[in-house]
Amino acid sequence: MENNFVVYRKISVWERTTFSIEADSRGEALNKLVEDIVNETGEFEETSWSVEYGDMAQMTAAQNDGLSTIEIMDEDGNLLQNVII
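As a starting point, this report considers the structure included with it. (Residues numbered from 1 in each chain as written. Predicted model: local features only at pLDDT ≥ 70, side-chain atom pairs only at ≥ 80, totals over all residues. Heavy atoms only, no water.)

Re the pattern of salt bridges
- Under the definition given, this model contains 1 salt bridge.
- A salt bridge links K32 to E28; its shortest N-O distance comes to 3.7 Å. One end of the pair, K32, and the other, E28, are both in helix α1 (residues 26–39), 4 residues apart, so they sit about a helical turn from each other. (Salt bridge = Lys/Arg side-chain N within 4 Å of Asp/Glu carboxyl O. Helix = DSSP H or I, 4+ residues; strand = E, 2+ residues; numbered from the N terminus.)

If you want it as structure tokens, here you go:
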């Protein structure tokens, strides 16, 4: 009898985003960008972005507030088991 499963793994990756910001100096532009990121103002539009899959890593439960980072489901999407690593 063949049994089919779907495994979800919580991973971390780096997202690379580029911005172009008008300012009188690089330091001023950097401060503006940091403020925009911290306050989530969305003032600056990214010029490009990509996901750095080469840096992909399996997360541990410690990195996920003690929660599982692997879920095993049946092919209908029913959760069968959580795995903590």
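Let's talk about the layout of surface pockets
- When its volume is computed, the largest pocket comes out at roughly 180 Å³.
- Lining the largest pocket are T18, F19, S20, I21, R26, A29, L30 and L33.
- Within the residue set of the lining of the largest pocket, elements represented by two or more residues are β2 (11–19) and α1.
- Of the residues forming the lining of the largest pocket, the biggest block, 4 residues, is contributed by α1.
- Residue composition of the lining of the largest pocket, by class: 5 nonpolar, 2 polar and 1 charged. (1 Å grid on protein atoms, 1.4 Å probe; cavity = no way out; pocket = protein on both sides within 12 Å on 5 of 7 lines; lining within 4 Å. Points joined across faces, edges and corners; volume = space filled by probe spheres on them. Nonpolar A, V, L, I, M, F, W, Y, C, P; charged D, E, K, R; others polar.)

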